[in-house]
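Residue strings, one per chain:
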Amino acid sequence: MRRGAPGRGLGGALAALATLAMAALPSAARAAEYSFDLAEVEAKPYEISGFVEGKAEHFQLRPDASLYPLNFPGQPPRQTLDRGTASIELAGKLKHDMLTGYARVSGSAAHDAYSTDSSARLLEGGLRISPAEGLSFDLGKQVQRWGKGYAWSPVAFFERPKDANDPQNSLEGFVMASADWVHSRAGPLAAVGFTPLLLPVSDDVNRDYGATGHANVGAKVYLLYEDTDIDLLWAAKGSRPQRIGFDFSRNFGTQIELHGEWARSIGATRRVLGADGAVVSEVQNLDSWLLGARYLTENEITWITELYRNGAGYDEAQLATFYRLLDQAFSMGGGAQAQALAQSLAQSGYGRVNPGQRYAYLRVSAKDPFDWLYFTPAITVIANLGDRSWQVTPELLYTGWRNVELRARAVLLQGDPLTEYGAKAVERRLELRLRLYF
Amino acid sequence: MQPIRRLLVLCVLFPAAALALDGKALLEKVDRNLEPENYEMTRKLINEEPDGKRKEFILYSVKKGRDKVAALFLQPASDKGRSTLRQGDNMWLYIPNVGKPVRITSLQSVTGGVFNNADILRVDYTEEYEVTAASEEGDSILLDLKAKTGNVAYDRLKMTVDKKLVLPTRIEAYAASGLLVKTLYFKDVKDFGGGIRRPATVETDSPLYKGYKSVMLYAAVKKREVPDEVFTLNFMSRLEELRK
């Protein structure tokens, strides 16, 4: 048959051409279908990127909650509050030889029934000198993210506390000078790194870090030993007490990661409100630790769980005492002195995002479940194990449009009135957030 | 001496028989033909849905030795600046906003789609697999590969190698349960210069993701040796400095 085909003359030739064309079509179509022009990603000496964000929030408030007067001082009580926020974050880099200048700035404007606010902050900004791949020096406002914890990091000695509700949010850095040296080698100790830093605190610089008049010195030693990341961390006594710590992280098989942190704050002062209303300043060593795991199932469900012991935190009875003081101070008969004491205690530790001693964290997220492509539903639970109060955050993330991220979440808090999550001013929060990256 | 001489004559007359006798050497040749031991490259990853909708990523990668790979996301803007690092069985992801590297596992996927982290940060096949069988079939050689440890993403691979080019044309990846996880198709062999001639397109599909397809398009594959320190956590935020 093959041999006879050419004998069919013009018709046969056309048929053969058509067959050839048909055979060639898929690859030609594919070539056109998948194009890749390297010019799209040509290296440039400068770079600008960032995002704009719009956020709408609906709060279900608890006007009778202990923390309400601290969160909304002097405001008439409300049952609900709606807030709209517009934000922008811009990051830029300029490179020349071994020098890199960098900056990250954010600005936001928010409006609700109580107030209209706007703010602008320099999150990071400075100059890096990189004489070699294994050595660099940084001077400027920097974010040092120490630790392996997802929701909390007790060894994060030189950073602002992260929000366990949104641990991936950008943080503002501190002005400091730092160096970073790393050496890679063969054998069980595959890498050694050293990061010393100097963080000055004065009336003009880093005032919110701690007591002024100190040049705070710290260092981190990093080891990759037998497939385990290990950090040894130290912060000298200065604006804050001396602290030491370590952390580790390791994969077990293709699905499990384990991590942990331990930190000791040496000779730290902790203000404790007694049941009799007296405030005692306790000086002691405070140990904090965290143990966590991340597990990816075969159907792509990620489980993140952490247990956290906050050495500087307060137990159930101590927190209840503080919330009682707030109730009394801001009730009809409360005096200015009691209110001032309550505010002072809130600033010294009771008012932290997580002021308790023992916490558990669980986050379960599923990638594209039930064939919902680009949808990532997740649920996060944070519980204070001391007073058994908790919050749960169901969430839905959609990333199906190029450079767009749409997130809807509800934050639901539950607890008795004199517990951490029962004393907060917000009982429920619904949030819709749209981010456009550029 | 006589049996060895006979074996050598057989090898010269029947090269496939020689390859079948030394599957490990063949796999090493496949590794080197796919990529030089030390290289830099730029790739586009495309995740395609059944309705034709696509999501694209562009990555710059460097590799050193048999088991060190780092990759930087150049596009899209939402992922720009992210970097991933692999040292043997260890993998990390750095997200600029988060500001610190976090460990990830080989079965996760930083890009979504059918490719997982082990595919995106692939190290030499000889680093992770042993050849358990090699056989000839027409113009191809079939290699059966078994993972050396339980830390490897796929327990077994069935690799079809083009006998003439000594390049893979198809790889079937199986889980320890025997389940076919995905099939990789190597296409469009192209000369990248500097003696590198390899498939410019790698497609994959999976019975677990029916109708979905992921594609890697290779461009600018070049030999380049960078210092070992590039493959450390400390350098992940500075990977961009390597690009010229």
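From a predicted model like this one, the values you see are computed outputs, not experimental measurements.

(A) How the structure looks around the overall build of chain A. Scanning chain A from N- to C-terminus turns up 4 helices and 18 strands. Here chain A has a C-alpha radius of gyration of 28 Å; the compact-globule value for 438 residues is 22 Å, and the former is much larger. Principal-axis analysis of the C-alpha atoms places the extent of chain A at approximately 110 × 55 × 40 Å. When the 438 residues of chain A are sorted by exposure, 29% land in the buried category. Sequence-distant contacts in chain A: of pairs separated by 6 or more residues, those separated by 24 or more amount to 51%.

(B) Highlighting the overall build of chain B. A tally of regular secondary structure across chain B gives 5 helices and 13 strands. Relative to the compact-globule value of 18 Å for 244 residues, chain B shows a C-alpha radius of gyration of 19 Å, a close match. When burial is assessed residue by residue, chain B has 45% of its 244 residues classed as buried. Here the analysis covers contacts within chain B between residues at least 6 apart in sequence; of these, 44% occur between residues at least 24 apart.

(C) Structural detail: the packing of helix α3 (residues 316-329) of chain A against helix α4 (residues 336-350) of chain A. Residues and elements named next belong to chain A. Put simply, α3 and α4 touch, their axes get as near as 9 Å, and they point 150 degrees apart. In the crossing of α3 with α4, the sense of the turn from one axis to the other is left-handed. Along the contact surface, α3 presents F322, L325, L326, Q328 and A329, while α4 presents A338, Q339, A342, L345 and Y350. Class assignment for the residues of the contact of α3 with α4 results in 8 nonpolar, 2 polar and no charged.

(D) Seen up close, the interface of chain B and chain A. Listed by partner, the interface residues are 47 residues for chain B and 38 residues for chain A. Among the secondary structure elements, those contributing two or more residues to the side of chain B that touches chain A are β1 (39-48), β3 (68-75) and β13 (213-223) of chain B. For the side of chain B that touches chain A, the leading source of residues is β13(B), giving 4 residues. Here the residues of the side of chain B that touches chain A are counted per class, giving 19 nonpolar, 16 polar and 12 charged.

(E) The arrangement of the environment of E56(B) in detail. All names here are of chain B. Mapped onto the elements, E56 comes out in strand β2 (residues 54-64). C-alpha of E56 to C-alpha of N117: the two residues are 61 residues apart in sequence and 16 Å apart in space. Each residue touching E56, except ones within four places of it in the same chain, is listed here: K44, L45 and I46.

(F) Local environment of the nonpolar core. The biggest cluster of nonpolar side chains holds 66 residues, and the ones touching the most others in it are L59(B), A70(B), A71(B) and L143(B). Setting aside residues up to four positions removed in sequence, A70(B) forms contacts with S61(B), V62(B), S83(B), L85(B), V230(B), F231(B) and L239(B).

(G) Representation of unusual backbone geometry within the structure. All names here are of chain B. For the bond running from Q75 to P76, omega is 0 degrees, close enough to zero to count as cis. Residue placement: P76 occurs in the loop between β3 and β4 (83-87). Residue V166 is not a glycine yet carries a positive backbone phi of 50 degrees. Residue classification places V166 among the partly exposed residues on the basis of 16 C-beta atoms within 10 Å.

(H) Looking closely at the confidence of the model for chain A. Of all residues in chain A, 93% attain a pLDDT of 70 or more, and the chain-wide mean is 90. With pLDDT under 50 throughout, residues 1-32 of chain A is counted as low confidence; its partners more than four residues away or in other chains account for 3 contacts.

(I) Layout of α3(A). All names here are of chain A. Given a rise of 1.5 Å per residue, 14 residues ought to cover 20 Å, and the 20 Å separating the end C-alpha atoms of α3 matches this to within 8%. Turning to α3, its buried residues are L319, A320, T321, F322, Y323, L325, L326 and A329. Next to the buried residues of α3 lie α2 (68-71), β11 (256-273) and α4.

(J) Layout of the environment of P154(A). Residue and element names in this part refer to chain A. Locating P154 in the fold gives a position in the loop between β5 (135-142) and β6 (174-184). Classification of P154 by C-beta neighbours within 10 Å gives buried; the count is 27. The spatial distance from the C-alpha of P154 to the C-alpha of E261 is 6.8 Å, given a sequence separation of 107 residues. Leave out the neighbours within four places in its chain, and P154 touches G245, E261, A263, S288, W289 and L290.

(K) Examining the pairing of strand β8 (residues 214-225) of chain A more closely. Residues and elements named next belong to chain A. Strand direction decides the pairing type here: strand β7 (residues 189-201) and β8, joined by 12 bridges, are antiparallel. Residue L189 lies in a different strand from β8, and its bridge partner there is Y225. Note: β8 against strand β9 (residues 228-235), 8 bridges, orientation antiparallel. Within β9, the residue paired with V221 across the bridge is L232.

(L) Focus on the pairing of β1(B). All names here are of chain B. By the criterion of burial, β1 is predominantly enclosed, with 10 of the 10 residues buried. Residues Y39, M41, R43, L45 and N47 point to one face of β1 and E40, T42, K44, I46 and E48 to the other, with burial holding for every one of them. By the bridge criterion, 10 bridges tie β1 to β2 in an arrangement that is antiparallel. The partner of M41 across the bridge, within β2, is S61. The loop that links β1 with its antiparallel partner β2 comprises 5 residues; one of these, G52, has a positive phi angle of about 95 degrees. In this structure, β1 lies alongside β13, joined through 9 bridges in antiparallel fashion. Across the sheet, residue N47 finds its bridge partner in β13, namely S214.

(M) Seen up close, the environment of A312(A). Residues and elements named next belong to chain A. Its place among the elements puts A312 in the loop between β13 (301-309) and α3. On the basis of neighbour counts, which here come to 16 C-beta atoms within 10 Å, the residue A312 falls in the partly exposed class. With 24 residues separating them in the primary sequence, A312 and S288 have C-alpha atoms 7.6 Å apart. Setting aside residues no more than four positions away along its own chain, A312 makes contact with S265, A268, R270, L286 and G349.

Conventions we followed
For every chain, the first residue of the written sequence is number 1, and numbering continues from 1 onward in sequence order. Here the convention is simple: chains get letters from A, ligands get numbers from 1, in the order in which they are written. Since the coordinates come from a predicted model, pLDDT governs what is reported: local features require at least 70, and pairs of side-chain atoms require 80 or more to be given and counted, while whole-chain, interface and lining totals use all residues. Elements are defined by DSSP. Helices are runs of H or I of four residues or more, strands are runs of E of two residues or more, and each kind is numbered from the N terminus. The quantity called the radius of gyration is restricted to C-alpha atoms. Its globule counterpart is 2.2 Å times the number of residues to the power 0.38. Exposed residues have 12 or fewer other C-beta atoms within 10 Å of their own C-beta, buried residues have 20 or more, and partly exposed residues fall in between, where C-beta atoms are placed from the backbone. Residues are scored as being in contact if the C-beta atoms we place from backbone atoms lie within 7 Å. Every axis in this analysis is a line fitted to C-alpha atoms, fitted for helices over the stretch in contact. Angles between the N-to-C directions lie between 0 and 180 degrees. Crossing handedness is defined as follows: a turn of the near helix away from the far one that is anticlockwise and smaller than a right angle gives a left-handed crossing, while the clockwise case is right-handed. When residues are grouped by polarity, Ala, Val, Leu, Ile, Met, Phe, Trp, Tyr, Cys and Pro land in nonpolar, Asp, Glu, Lys and Arg in charged, and all others, Gly among them, in polar. By definition, a nonpolar core groups buried Ala, Val, Leu, Ile, Met, Phe, Trp, Tyr and Cys residues that connect through C-beta atoms lying within 7 Å of each other. Per-residue confidence from the predictor is given as pLDDT, running between 0 and 100. What a helix is expected to span follows from its residue count: subtract one and scale by 1.5 Å. Pairing between strands is defined by DSSP: at least two bridges between the two strands are required.

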